[in-house]
Amino acid sequence: TQLRHVTEARDGAVRVNALTLRDLLDSHGLAQADLLKMDIEGSEHAVLLGSDKRVLSRFKRISLEYHRDGPKQTLFRHLQDAGFLLVRDRILGKDYGVANFRRCDGL
């Protein structure tokens, strides 16, 4: 597994090592995982939109905090296109909240 370097383009940028979801699952030998819990301060847009439906379908449920870094509708549509059903959207502010999804196949 190769760590990727992610750099934020704003002032005071910090370089961090990161893995894709696919790399993370594969590095631990996981064909599936019960839950993907995300609280990554706006990076959920890059991670989820950068993951194709084959990778996302390896999770049974996804729980995420979403932020103003992008519209939640884009994230929600991407997850729904990957076979997930929105179970709950707890809105905490404009384009900020916590959402829970489960795979539509009931697993």
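For the structure, check the block above.
Please read these numbers as outputs of a predicted model, since none were measured by experiment.

**Q** How would you explain the pattern of salt bridges if you had to name every residue and give the values?
**A** All told, the structure shown has 5 salt bridges when counted by the stated rule. Note that K60 is salt-bridged to D34, the shortest N-O span being 3.3 Å. Pair noted here: K60 is in strand β4 (residues 59-66) and D34 is in strand β3 (residues 33-38), with a separation of 26 residues, a long-range link. Here D89 makes a salt bridge to K72, at a shortest N to O gap of 2.6 Å. In this pair, D89 sits in strand β5 (residues 84-93) while K72 sits in helix α4 (residues 72-81), placing the two residues 17 residues apart along the sequence. Taking relative accessible area as the criterion, D89 reaches 24% and is therefore assigned partly exposed. With a relative accessible area of 14%, K72 lands in the buried category. One salt-bridge network, held together by shared partners, links R22, D52 and R54.

**Q** Lay out the packing of aromatic side chains with the relevant residues and their values.
**A** One pass over the full model with this rule turns up 2 aromatic pairs. Geometrically, the ring pair formed by Y66 and F76 is edge-to-face, given 5.5 Å between the ring centres and 90° between the ring planes. With Y66 in strand β4 and F76 in helix α4, the pair connects residues that are 10 residues apart, well separated along the chain. The pair formed by Y66 and F76 is uniform in burial state, with each residue classed as buried. Aromatic side chains F76 and F101 sit 5.2 Å apart centroid to centroid with 75° between the ring planes, which places their arrangement in the edge-to-face category. Here F101 lies in strand β6 (residues 96-103) and F76 lies in helix α4, a separation of 25 residues in the sequence. In this structure F76 comes out as buried when scored by relative accessible area, which is 8%.

**Q** Pulling in residues and values, what's your account of the sheet that holds β5?
**A** Overall, mixed pairing links the 4 strands, which are arranged β3-β4-β6-β5 in an open sheet. Edge positions in the open sheet fall to β3 and β5, since each of these has one partner strand only. Averaged over all adjacent pairs, the angle separating strand axes in this sheet is 10°, with direction ignored. In the sheet, β3 pairs with β4 via 5 bridges, with the strands oriented parallel. Bridging across to β4, M38 finds its partner in L64. The sheet strands contacting α4 are β4, β5 and β6, and the helix crosses β5 at an angle near 165°.

**Q** Outline the nonpolar core, listing residues and values.
**A** Grouped together as the largest cluster of nonpolar side chains are 19 residues, with contacts concentrated most on I62 and L64. Residue contacts for I62: discarding those within four places in its chain leaves L35, L36, L56, L79, F84, A99, N100 and F101.

**Q** Describe the side chain of R58, naming the residues involved and giving the relevant values.
**A** Mapping R58 onto the fold places it in the loop between α3 (53-56) and β4. At 3.2 Å, the side chain of R58 and the backbone oxygen of A31 are in polar contact. In this structure, R58 is in contact with R22, L25, D26, L30, A31, Q32, A33 and R103, ignoring residues within four places of it in sequence.

Reading the values: rules and limits
- Residues numbered from 1 in each chain as written.
- Predicted model: local features only at pLDDT ≥ 70, side-chain atom pairs only at ≥ 80, totals over all residues.
- Heavy atoms only, no water.
- Salt bridge = Lys/Arg side-chain N within 4 Å of Asp/Glu carboxyl O.
- Helix = DSSP H or I, 4+ residues; strand = E, 2+ residues; numbered from the N terminus.
- Buried < 20%, exposed > 50% of the residue type's maximum accessible area, 1.4 Å probe, protein only.
- Phe/Tyr/Trp six-rings, centres within 6.5 Å; stacked < 30°, edge-to-face > 60°.
- Pairing = 2+ DSSP bridges.
- Axes fitted to C-alpha atoms, helices over the stretch in contact; angles between N-to-C directions.
- Contact = heavy atoms within 4.5 Å.
- Core = buried A, V, L, I, M, F, W, Y, C linked by side-chain atoms within 4.5 Å.
- Polar contact = N/O pair within 3.5 Å; in protein donor to acceptor, adjacent residues only side chain to side chain.

So, to be careful, I would describe these as geometric facts and stop short of saying anything about function.
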